[in-house]
Amino acid sequence: MSLDTIHSLIHSESERPGIIARGWVRTKRDSKACSFLEISDGSCFKGLQVVVDAALPTAELLPRILTGASVEVVGDLVASPAAGQKWEIQAKELRLLGEADATYPLQKKGHTPEFLRTIAHLRPRTNLFGSVFRVRSKMAYAVHRFFQERGFFYVHTPIITSSDCEGAGEMFQVTTLKPNTPTKPEQDFFGRPTYLTVSGQLQGEAFACALGNIYTFGPTFRAENSNTTRHAAEFWMIEPEMAFYDLTADMTLAEEQVRYLVQAMFDECPDELEFFNKFIDKGIIDRLKQTLAKPFERISYTDAVEILLKSGRSFENPVVWGESLQTEHERYLAEEHVKGPVTIFNYPKDIKPFYMRQNDDGKTAAAMDLLVPGIGEIVGGSQREERLDVLEALMAKQGLDPENYAWYADLRRYGSVPHAGYGLGFERLLMFVTGVPNIRDVIPFARTPGHAAY
Ligand code: 4AD
Ligand code: MG
C-alpha cells in the first residue's frame, strides 16, 4: 500500500491493523526499547514513522538498515503517543529489501540544487525533487484535461522533421551511424537533411485545418547556446492550434489555460505548494493567488515600448521600437508595471517568423507573448497568415525553400481559414507554479549546453 493511500486511511481517524508499507529509509533513531524509522515512498509529500520494538525477532536487521535502504513493514497503524506525527506504524515484521551503505549521498543534511543536479538519478528521492516531479505529472495531466474538456484532439506531431518552424536555424541535425564506424555520420537516411523539431506548430496547423481544435504536447529541441536559468536544449511544449480563431481568441485561450493550471496547483498539489512556499519561494502562494484574482492585462507592443521608455529605468539593453523585448524588459512589465501576468501583442513583423499574420498597419504581425513575474515569457503565439500570396511572399523574403514548404502552402491553397495557436513552455510553467528558479530543476534529466549526462 502506498504511503499516500495509508495517509488517506488516516483521515478516517481509525486504527488499522495489518498494514503493509514499503519505502526508503530517510532516518533512523534508536532508543533502548525500540527504533524509529522514518520511511517515504515518493507517493506523497509525507513520510511515515515506523516503530520497531527491540524485542521483535526481525529487529535484528536494524543495524543493517541505514539511510537510503529499502524496507517492507507489516504492522498496525496506530495513534502516535509522541508529538511530531499523529499516526505511526507499530511494526510486527520488518524486511530489508535493499541495503544502502554509508556512501549513500542523500544523508540527512541540506544539499544544494547544484549538487543534486550531479546525482539526477537519486534526487527524485528528496523532498524538493519528489515534490517537483509529482507536480510535473499532475500538471501534465491537467494540460490534457484542459484541452479534452474543451473538445480539442491530441495530435502526435513528428519529432524528426525537415522544417525549421521558427526559421532561426537553431536545430539539432539527425544523422545515422554506419555499422562498425561509429564516428562516421551518414545523413542520407531520409534522402534529405532532417532535424529534431523546434516546434510541432506547422504540422499542428495541418491538423487544425482538418479537425478544428487540436493540440500537441511533446518534447522540442533548440540548439541555442544560451546558458540561462530559463533555456534548455530539450524541453516540452504545449501547442494548441485552432481553426477559425483570431489573435484575440488565441490570447483568451492562453490566459484561460494558465489560470486553469494555477488553479490545478491549488486543488491538486496543496502539500507541495506549502513546501515550495516555505523553502523555495516565500511569495509563491501570494503570487499565484494574485494570478487568479483578476483578468490578465493586455498591452500592445507599441504601448509596452512607450511604458519602458517612460519608466526612467536604465536597462542593460536599450529599448528600441522594432527590436525584441529582452528578459529584463519583460520582467519590468510583468513585475513592476502590471504586477502580474501580462500579454503583449502586435509585435513588429520584421522580428517574427514567416508564418505570422501580417496586420493592416504594414508594420506589425498578429503575434502575442504572455509574460509572468519571475520568468518573463512563458507563452508565444500568433494568428497565422492564411492568405496564400502573402504567405508566399513572406517565405521568399525569409529565404525558405518553396518546395520544402509546398505542403504548408497547400493549407492556404485548399480551403484556407483564419487560424491561430500558441506554444506554452511546460518547464517555464512549472517554474511559475513552483517558484523553482532554475529550469534544470523542473526537468528530470536536463539537457543544456555542455550537459547531457544520462
Ligand atoms: O516563442 P516560441 O519559440 O514559439 C514557438 O515555437 C511557436 N512555434 C509556438 C506556437 O505558436 N505553436 O516558444 C514557445 C514557448 C516560449 O514562450 C517558452 O515558454 C518556451 O516555448 N521555450 C523554451 N523553454 C525552455 N527552453 C527553451 N530553450 C525554450 N524556447 C522556448
Ligand atoms: Mg517566443
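Residues numbered from 1 in each chain as written. Chains lettered and ligands numbered in written order. Predicted model: local features only at pLDDT ≥ 70, side-chain atom pairs only at ≥ 80, totals over all residues.

Taking an unreviewed UniProt entry as the reference, the protein is identified by name as Asparagine--tRNA ligase belonging to Prosthecobacter fluviatilis. The Subcellular location (unreviewed entry) comment attached to the protein in UniProt states, word for word, "Cytoplasm". As stated in UniProt under Subunit (unreviewed entry), the record for the protein gives "Homodimer." (UniProt positions renumbered as here; feature names shortened; annotations may be inferred.)

Asks: Would you explain the nonpolar core in this entry?
Replies: Judged by nonpolar contacts, the single largest core of 86 residues is most densely connected at Ala254, Ile378, Leu424, Leu429, Leu430 and Val433. At eight residues, helix H5 (residues 247-268) tops the list of elements feeding residues into this core. Among residues more than four places away in sequence, those in contact with Ala254 are Leu370, Val379, Gly381, Tyr422 and Leu424. One finds Ala21, Val25, Ile39 and Val50 within the second-largest nonpolar core, a separate group that totals 21 residues. (Core = buried A, V, L, I, M, F, W, Y, C linked by C-beta atoms within 7 Å. Buried ≥ 20, exposed ≤ 12 C-beta atoms within 10 Å, placed from the backbone. Helix = DSSP H or I, 4+ residues; strand = E, 2+ residues; numbered from the N terminus. Contact = placed C-beta atoms within 7 Å.)

Asks: What is the right way to look at the sheet that holds strand S11 (residues 213-221) in this model?
Replies: Two modes of strand pairing occur in sheets, parallel and antiparallel, and in both the strands are linked by backbone hydrogen bonds. Read from one edge of the open sheet, eight strands run S6-S11-S12-S17-S16-S15-S14-S13, paired in mixed fashion. On the outer flanks of this sheet lie strand S6 (153-154) and strand S13 (297-300), each paired with one strand and no other. Inspection of the sheet shows strand S16 (residues 376-383) paired to strand S17 (residues 419-425) by five bridges, in the antiparallel sense. Its bridge partner lying in S17, Gln383 is registered against Ala420. In this fold H5 packs onto strand S12 (234-243), S13, strand S14 (342-348), strand S15 (364-372), S16 and S17, with an angle of close to 30° to the strand it touches most, S17. (Pairing = 2+ DSSP bridges. Axes fitted to C-alpha atoms, helices over the stretch in contact; angles between N-to-C directions.)

Asks: Would you take a moment to explain helix H12 (residues 426-434) for this structure?
Replies: Working note: α-helix, 3.6 residues per turn, so residues spaced by three or four point in the same direction. Burial of H12 is extensive: nine of the nine residues sit out of reach of the surface. Among all positions in H12, only Phe426, Glu427, Arg428, Leu429, Leu430, Met431, Phe432, Val433 and Thr434 are buried. One or two residues past the end of H12 sits Gly435, with phi positive at roughly 80°.

Asks: What am I meant to see in the sheet that holds strand S2 (residues 34-40) here?
Replies: The sheet built from five strands closes into a barrel, its strands ordered S1-S2-S3-S5-S4 with mixed pairing. In this sheet, neighbouring strand axes are inclined to one another by 55° on average, regardless of whether the strands run parallel or antiparallel. Pairing between S2 and strand S3 (residues 48-53): six bridges, direction antiparallel. Residue Glu38 lies in a different strand from S3, and its bridge partner there is Gln49.

Asks: Please clarify how the pairing of S2 should be interpreted in this entry.
Replies: Strand residues, when the strand is regular, have side chains that alternate between the two faces of the sheet. Of the strand pairs in this sheet, strand S1 (residues 16-30) and S2 are connected by six bridges, and their pairing is antiparallel. Note that in S2 the partner of Lys28 across the bridge is Leu37. Hairpin connection between S1 and S2: a loop of three residues separates the two successive antiparallel strands.

Asks: Help me understand the site of ligand 1 in this model?
Replies: In the vicinity of ligand 1 there are 23 residues, among which Ser199, Gln201, Gly380, Gly423 and Gly425 approach most closely. Counting residues per element, the ones that place at least two in the shell around ligand 1 are S12, S16, S17 and H12. For the shell around ligand 1, the element with the highest residue contribution is S16, accounting for five residues. (Near = placed C-beta within 6 Å.)

Asks: Quick question: what am I supposed to make of the domain arrangement of the protein here?
Replies: The figure often quoted for interface size is the accessible area lost as the parts come together. Examined at the domain level, the protein breaks down into domain 1 (3-107) and domain 2 (123-441). Once you take the C-alpha centre of each, domain 1 and domain 2 turn out to be 44 Å apart. Every contact between the two is made by four residues of domain 1 and, on the other side, eight residues of domain 2. Of the residues assigned to the side of domain 1 that touches domain 2, the class counts are three nonpolar, one polar and no charged. (Domains from an automatic or database assignment. Nonpolar A, V, L, I, M, F, W, Y, C, P; charged D, E, K, R; others polar.)

Asks: It is not clear to me how the environment of Ser226 should be interpreted in this structure. Could you clarify?
Replies: With respect to the helices, strands and loops of the structure, Ser226 is situated in the loop between S11 and S12. According to the C-beta neighbour criterion, Ser226 is exposed, with 12 such atoms within 10 Å. Spatially, the C-alpha atom of Ser226 lies 7.5 Å from that of Pro449, the residues being 223 residues apart in sequence.

Asks: Explain the confidence of the model for the protein to me, please; I cannot follow it from the model alone.
Replies: Interpretation of the predicted coordinates at a detailed level should be avoided for regions scoring low in pLDDT. Scored by pLDDT, the protein has a mean of 94; 98% of the residues are at 70 or more. Interface predicted TM-score (ipTM) for the complex: 0.99; the corresponding pTM is 0.96. (pLDDT = per-residue confidence, 0-100.)

Asks: I would appreciate a short explanation of helix H7 (residues 284-293) in the present structure.
Replies: Those residues of H7 that sit buried are Ile284, Arg287, Leu288 and Thr291. The buried side chains of H7 occupy one side of the element, clustering within an arc of 95° when seen end-on. In this structure, H7 carries Asp286, Lys289 and Ala293 as exposed residues pointing more than 90 degrees from its buried face. (Arc of directions from axis to C-beta.)

Asks: So what exactly am I meant to see when it comes to the packing of H5 against H7 here?
Replies: Helix-helix packing is characterised by the crossing angle of the two axes and by the distance between the axes. At a minimum axis separation of 10 Å, H5 and H7 run at an interaxial angle of 135°. Taken as axis vectors, H5 and H7 run oblique relative to one another. Note on packing geometry: the crossing formed by H5 with H7 is left-handed. Of the residues in H7, those in contact with Arg259, Val262, Gln263 and Met265 of H5 are Leu288, Thr291 and Leu292. (Parallel < 35°, antiparallel > 145°, perpendicular 65-115°, else oblique. Left-handed = near helix turned anticlockwise from the far one by under 90°.)

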